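Chain residues, written in single-letter form:
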Amino acid sequence: MRKKERELTDPGEVESVIKRAVVCRIALSDNNVPYLVPVNFGYQDGCLYIHTAREGMKIDMIRRNDRVCFEVEADLELTKGATACKWGMRYRSVIGFGRASLVEDSEGKRAALDIIMRHYSDDPHEYSEKLMEKVAIIRVEIDTMTGKQSGF
Ligand SMILES: Cc1cc2nc3c(=O)[nH]c(=O)nc-3n(C[C@H](O)[C@H](O)[C@H](O)COP(=O)(O)OP(=O)(O)OC[C@H]3O[C@@H](n4cnc5c(N)ncnc54)[C@H](O)[C@@H]3O)c2cc1C
């Protein structure tokens with residue numbers, strides 16, 4: 001990272017940004033064509049979990065190339081200034097790299113759905129068989145990630 005003073009060096013702080021983020025952007029690539037897609041997600045033990053339809057462009061791309069990059073952010077605030085240069089953005093963000101795979105077994109899918117739901121809600125949730133048939137789960141095993149903050 002060029003501006004070292006902005007790096008979040010405490011792994012706990014990096015995880016805290018992930019846990020507070022609402023949306024995750026997953027970057028995929030296939031045949032030299034990039035594709036960035038925003039999704040809701042859950043995080044546990046170094047893995048991201050995403051629920052999705054069983055078909056579509058991102059699933060097709062992951063099947064062909066499992067390498068992904070992701071970005072999440074928290075604590076966003078636009079800061080105004082007297083001149084254009086004094087305007088800014090407070091943020092904490094995380095960018096990481098990993099490998100995506102599809103969770104196929106129903107026990108793993110239910111566990112992943114629980115992780116995703118717990119990201120947004122403290123309430124317990126049930127998943128019908130019909131939903132389980134329709135849903136696919138993407139698991140991203142994170143290899144490396146960095147955290148950065150600005151404006152604090
Ligand atoms: C805040 C937010 C949260 C979301 N959470 C989820 C989630 O948890 N799970 C989930 O599966 N999806 C979620 N979505 C929708 C997601 O961004 C995709 O639209 C969806 O997953 C379909 O992706 P796909 O690759 O299967 O697209 P396909 O249906 O195969 O369509 C591919 C084509 O549609 C275009 N396209 C796809 N998505 C978008 C988009 N979001 N905006 C504009 N054009 C698009 C692409 O450019 C491409 O040309 C969320 C979207 C937003 C904005």
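Shown above is the structure to which this text applies.
Here is what the cut-offs are and how they apply
Residues numbered from 1 in each chain as written. Predicted model: local features only at pLDDT ≥ 70, side-chain atom pairs only at ≥ 80, totals over all residues. Helix = DSSP H or I, 4+ residues; strand = E, 2+ residues; numbered from the N terminus. Buried ≥ 20, exposed ≤ 12 C-beta atoms within 10 Å, placed from the backbone. Contact = placed C-beta atoms within 7 Å. Arc of directions from axis to C-beta. Near = placed C-beta within 6 Å. Core = buried A, V, L, I, M, F, W, Y, C linked by C-beta atoms within 7 Å. Pairing = 2+ DSSP bridges. Expected span 1.5 Å × (residues − 1).

The helix and strand tally for the protein chain stands at 4 helices and 8 strands. Taking all 152 residues of the protein chain together, 26% fall into the buried category. A separation threshold of at least 6 residues defines the contact pool for the protein chain, and within that pool the share at least 24 residues apart is 73%.

Quick look at helix 1 (residues 11-20) now. Burial in helix 1 covers these residues: V14, V17 and I18. For helix 1, the arc enclosing every buried residue in end-on projection is 100 degrees, short of the 170-degree limit, so these residues lie on one face. Lining the buried residues of helix 1 we find strand 1 (7-8), strand 4 (42-44), strand 6 (67-79), strand 7 (88-103) and strand 8 (135-150).

One non-glycine residue, N31, lies in positive phi territory at about 55 degrees. Looking at the secondary structure, you find N31 in the loop between strand 2 (24-30) and strand 3 (33-39). Residue class for N31 comes out exposed when judged on the 7 C-beta atoms lying within 10 Å of it. Here D75, not a glycine, exhibits a phi torsion of approximately 60 degrees, which is positive. Tracing the backbone through its elements, the reader meets D75 in strand 6. Of the residues examined, D75 has 16 C-beta atoms within 10 Å and is grouped as partly exposed.

Moving on: the site of the ligand. The local shell around the ligand consists of V23, V37, P38, V39, N40, I50, H51, T52, G56, M57 and K58. Where the shell around the ligand is concerned, the elements lending two or more residues are strand 3, strand 5 (47-53) and helix 2 (57-64).

So, about the nonpolar core. Counting residues in hydrophobic clusters, the biggest one holds 29 residues, and the most contacted among them are L48 and Y49. Only helix 1, strand 2, strand 5, helix 2, strand 6, strand 7, helix 3 (106-120) and strand 8 provide two or more residues apiece to this core.

Take the pairing of strand 3 next. Bridge count for strand 2 against strand 3 is 7 bridges, and the pairing is antiparallel. Bridging from a neighbouring strand, L28 pairs with Y35 of strand 3. With antiparallel pairing between neighbouring strands as the criterion, strand 2 and strand 3 make up a hairpin whose turn holds 2 residues, including N31 at a positive phi of roughly 55 degrees.

Within the fold, G147 resides in strand 8. When the C-alpha atoms of G147 and I95 are compared, they prove to be 6.7 Å apart, with 52 residues separating the residues in sequence. When sequence neighbours within four positions are dropped, the list of residues in contact with G147 reads E7, L8, E13, V14, V17, R92 and V94.

Over its 15 residues, helix 3 extends 22 Å from the first C-alpha to the last, a length consistent with the 21 Å expected when each residue adds 1.5 Å. Those residues of helix 3 that sit buried are K109, A112, L113, I115, I116 and H119. All buried residues of helix 3 lie within an arc of 155 degrees about the axis, which places them on one face of the element. Of the exposed residues in helix 3, the ones pointing more than 90 degrees away from its buried face are S106 and E107. Turning to helix 3, the residues buried within the fold contact strand 4, strand 5, strand 7, helix 4 (129-134) and strand 8.

A few words on the pairing of strand 5. Pairing geometry for strand 4 and strand 5, over 3 bridges, is antiparallel. What sits directly across from Y43, in strand 5, is L48. Here strand 4 folds back onto strand 5, and the loop between the two strands holds 2 residues, one of which, D45, carries a positive phi near 50 degrees.

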